[in-house]
Amino acid sequence: MPVAKVLAALALGAGACATWAEGLVLRYGQALSAHKSIYSLPVALAEREGLFRREGIDFRVVIPIPGGTDRMIQALHDDTADVTHVATPFLVRAALAGSDAVAIAAEFNDPVYSLVARPEIARIADLKGRTVGMADPGGSIAFSMRKLLALHGLRESDVRTKTIDGTPARLSCLRGGGCDAVPLGQPQDVLAQAEGYRLLGISNEAVPEYLYTVTAARRSWASANSDLVVRYVRALAASFGMIRDPARRPAVVAAIVDITAVAPGIAERVLDLYAQPGRKALPLSGEIDPKGVAQVIAFMADAGQIQPPLPAAERFVDLSYLVRAGVR
Amino acid sequence: MKSAIRLVLLAVALLPAAVLAGANRDRGQDEVGPGPDEGPSYFGVVLDAAGKPVEDARVTATSRDGLAMTTRSNAAGAYHLPGFNKRINADEVKISCAKPGYRQMRVVRRPAPTGRPVRAVETECRLQKS
């Protein structure tokens, strides 16, 4: 064999080895806000702890600007990302509008939103006639808060509401006296309680089954890259296992501190909130509960975002990658 | 023309953080505004070989560990990307631009003013028709 051919073969082999060593590239779309919030924990932990590398994935987070969870499915269609983090209502909306995107794994089932009030307000019923700072009326937070009020005998019309986007802005409204109560995510709810504000209830009391955020991919892309998708799902499942593993608690707390820029003590309390046994805030290993998807669809219908007949939850989900990854 | 483009870029770079945060707002999922740990933002312009603005080019800022932010240039060829976490060294962030039918010629980083903290990093990205 001519020397040139041998050299060429060696060069090709070396190239292939280098590609394998670096792993298969997977571009994961993430909204900027999610990147800096607790909702990126499962993926951020998998990345920090080398779970993607272990699966032979060269994992790359891509943040589209301008961003927002309502634009993440578009990121799949314009080739910005291969898979993406997305809030389930936006996946449903995009799919109904013709996208072939589906959920391939769950990231967060049921976010914990705390209804926090001024110290002198002792219970939810005492909010009658008072001002509650609400999130976007069509979003998951407002849905769950309306349910929580109803659980305690209040209709939304019994309170004065004002729409305030973002937990930091709602906390400012509470602190400034413009709101008597507000729903807060983490870590601000923990901080507010430390400042003397009172916890009246949490969203999970009223909405026990939900599917807040998922990893989505286009059916066509996922089918053509099924092995890579299965590896991704396996790494994500391992991350959920790590979040619940007491032996790995320091690593998980360190990840929360890094992501959300809070003190370790606050990060510990946030972790306790999410990893509490029996609370289904996080999936066990990325599994998708169709009842959670159905709840999302029902909430969207309640808000007039979709009209009957309501679509089946299964339309927005492809469980085959979870099955192949060994997730039940 | 060049000075006009630079004026536009300067205006973009000096937009208040709140306005830029508004442009990046999340609807439906809770927001986190730009935090105190945010590093310098990235802005600049995409031009073709003749120095004309290139609209709708994809501009990507990639940190050393692979985290990427991506946006599209506007009609003036201008783009703006928010800062990464302060822990990410801005000198190690690579800016690239791409558009179907073009190939990247070069990326020139404008020197930052000396003696002051860097609030924004300016680059000019040149594309050539392929």
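Owing to the predicted nature of the structure, the values given are computational and were not obtained by experimental measurement.

Calculation notes
Residues numbered from 1 in each chain as written. Chains lettered and ligands numbered in written order. Predicted model: local features only at pLDDT ≥ 70, side-chain atom pairs only at ≥ 80, totals over all residues. Helix = DSSP H or I, 4+ residues; strand = E, 2+ residues; numbered from the N terminus. Contact = placed C-beta atoms within 7 Å. Pairing = 2+ DSSP bridges. Axes fitted to C-alpha atoms, helices over the stretch in contact; angles between N-to-C directions. Buried ≥ 20, exposed ≤ 12 C-beta atoms within 10 Å, placed from the backbone. pLDDT = per-residue confidence, 0-100. Domains from an automatic or database assignment. Expected span 1.5 Å × (residues − 1). Core = buried A, V, L, I, M, F, W, Y, C linked by C-beta atoms within 7 Å. Parallel < 35°, antiparallel > 145°, perpendicular 65-115°, else oblique. Nonpolar A, V, L, I, M, F, W, Y, C, P; charged D, E, K, R; others polar.

1. Looking at the overall build of chain B
Right, on to step 1. For chain B, the count of helices and strands is two helices and seven strands.
Right, on to step 2. Walking chain B from its N terminus toward its C terminus, one meets helices and strands in the order α-α-β-β-β-β-β-β-β.
Right, on to step 3. Within chain B, contacts between residues separated by at least 24 positions form 63% of all contacts whose residues are at least 6 apart in sequence.

2. A closer look at the sheet that holds strand β2 (residues 57-64) of chain A
Right, on to step 1. Spatially, eight strands are ordered β4(A)-β10(A)-β3(A)-β1(A)-β2(A)-β3(B)-β2(B)-β5(B) in an open sheet, and the strand pairing comes out mixed. Strands at the two margins of the open sheet, each flanked by one partner only, are β4 (101-108) of chain A together with β5 (94-98) of chain B. The average undirected angle you get between the axes of adjacent strands in this sheet is 30°.
Right, on to step 2. Running at roughly 110° to strand β3 (residues 83-87) of chain A, helix α6 (residues 88-96) of chain A makes contact with β3, β4 and β10 (213-218) of chain A of the sheet.
Right, on to step 3. Where helix α12 (residues 226-243) of chain A meets the sheet, its contacts fall on β1 (24-29), β2, β3, β4 and β10 of chain A, and the angle it forms with β4(A) comes to roughly 15°.

3. Remarks on the pairing of strand β1 (residues 41-48) of chain B
Residue and element names in this part refer to chain B.
Right, on to step 1. By the criterion of burial, β1 is predominantly enclosed, with seven of the eight residues buried.
Right, on to step 2. Two elements, β1 and strand β4 (residues 78-81), share four bridges in a ladder whose sense is antiparallel. Note on β4: the bridge partner recorded for Gly 44 is Tyr 79.

4. Describing the sheet that holds β1(B)
All names here are of chain B.
Right, on to step 1. With mixed pairing, four strands are arranged side by side in an open sheet as β4-β1-β7-β6. Taken across any chain shown, the strands that pair with only one partner, and hence form the sheet edges, are β4 and β6 (102-109). Averaged over all adjacent pairs, the angle separating strand axes in this sheet is 25°, with direction ignored.
Right, on to step 2. Judged from the eight bridges that link them, β1 and strand β7 (residues 120-129) form a sheet pairing that is parallel. Residue pairing across strands places Ser 41 opposite Ala 120, the latter belonging to β7.

5. Overview of unusual backbone geometry
Residues and elements named next belong to chain A.
Right, on to step 1. In this structure, the amide linkage connecting Gln 186 to the following residue, Pro 187, adopts the cis form with an omega of 5°.
Right, on to step 2. As for its placement among the helices and strands, Pro 187 is situated in the loop between β8 (181-184) and α9 (188-194).
Right, on to step 3. The omega torsion across Pro 308 and Pro 309 is 0°, close enough to zero to call that bond cis.
Right, on to step 4. Phi angles above zero are rare outside glycine, and Asp 79 is one such case at about 65°.
Right, on to step 5. Relative to the elements of secondary structure, Asp 79 occurs in the loop between α5 (72-77) and β3.

6. Focus on the environment of Arg146(A)
Right, on to step 1. Here Arg146(A) is to be found in helix α7 (residues 140-151).
Right, on to step 2. Looking at Arg146(A), the number of C-beta atoms within 10 Å reads 21, which means it is buried.

7. Section: the environment of Tyr28(A)
Residue and element names in this part refer to chain A.
Right, on to step 1. Within the element layout of this structure, Tyr 28 appears in strand β1.
Right, on to step 2. Separated by 15 residues in sequence, Tyr 28 and Val 43 have C-alpha atoms that sit 9.4 Å apart.
Right, on to step 3. Apart from the residues within four sequence positions on either side, Tyr 28 is in contact with Val 43, Phe 59, Arg 60, Val 61, Val 62, Ala 81, Val 83 and Thr 84.

8. Re the pairing of β7(B)
Residue and element names in this part refer to chain B.
Right, on to step 1. β7 sits mainly inside the fold: seven of its ten residues count as buried.
Right, on to step 2. Looking at chain direction, β6 and β7 are connected through seven bridges and run antiparallel. Bridge assignment links Tyr 102 to a residue of β7, and that residue is Lys 129.

9. A few points about the confidence of the model for chain A
All names here are of chain A.
Right, on to step 1. In the predicted model, chain A carries a mean pLDDT of 90, and the fraction of residues at 70 or more is 93%.
Right, on to step 2. The weakest mean pLDDT in chain A belongs to helix α1 (residues 3-22) at 48; the strongest belongs to helix α11 (residues 219-224) at 98.
Right, on to step 3. Within the model, pLDDT remains below 50 along residues 6-21, and this stretch shows one contact once partners closer than five positions in the same chain are excluded.

10. Considering the domain arrangement of chain A
Residues and elements named next belong to chain A.
Right, on to step 1. Domains assigned within chain A are domain 1 (3-110 + 210-324) and domain 2 (114-206).
Right, on to step 2. Spacing between the C-alpha centres of domain 1 and domain 2 amounts to 29 Å.
Right, on to step 3. Opposite the 16 residues of domain 1 that make contact, domain 2 presents eight residues.
Right, on to step 4. No other element matches the four residues that helix α14 (residues 264-275) contributes to the side of domain 1 that touches domain 2.

11. Here's the deal with α12(A)
Right, on to step 1. In this model α12(A) runs 26 Å from its N-terminal to its C-terminal C-alpha over 18 residues, within 8% of the 26 Å that 1.5 Å per residue would give.
Right, on to step 2. With 15 of its 18 residues buried, α12(A) lies for the most part within the structure.

12. A look at the nonpolar core
Right, on to step 1. Leu91(A), Ile104(A), Ala216(A), Val233(A) and Val46(B) are the most contacted members of the largest nonpolar core, which has 132 residues in total.
Right, on to step 2. Tallying contributions element by element places α12(A) first for this core, with twelve residues.
Right, on to step 3. Structurally, this core is a two-domain feature, drawing no fewer than three residues from each of domain 1 (3-110 + 210-324) and domain 2 (114-206) of chain A.
Right, on to step 4. Other than its neighbours up to four places away in sequence, Ile104(A) contacts Thr215(A), Ala216(A), Ala217(A), Ala222(A), Val229(A), Val233(A), Asp318(A) and Tyr321(A).

13. Points about the packing of α6(A) against helix α15 (residues 290-302) of chain A
Residues and elements named next belong to chain A.
Right, on to step 1. Put simply, α6 and α15 touch, their axes get as near as 10 Å, and they point 75° apart. When the axis of α6 is compared with that of α15, the two are roughly perpendicular. Residues Thr 88, Pro 89 and Val 92 of α6 touch α15, and the partners they reach there are Val 293, Val 296, Ile 297 and Met 300.
Right, on to step 2. Per-class residue counts for the contact of α6 with α15 are six nonpolar, one polar and no charged.

14. What about the confidence of the model for chain B?
Residues and elements named next belong to chain B.
Right, on to step 1. Mean pLDDT for chain B: 78, with 72% of residues reaching 70 or above.
Right, on to step 2. The low-confidence segment residues 10-29, where pLDDT is below 50, has 41 contacts with residues more than four positions distant or belonging to other chains.
Right, on to step 3. Across the assembled chains, the prediction reports ipTM 0.74 with pTM 0.82.

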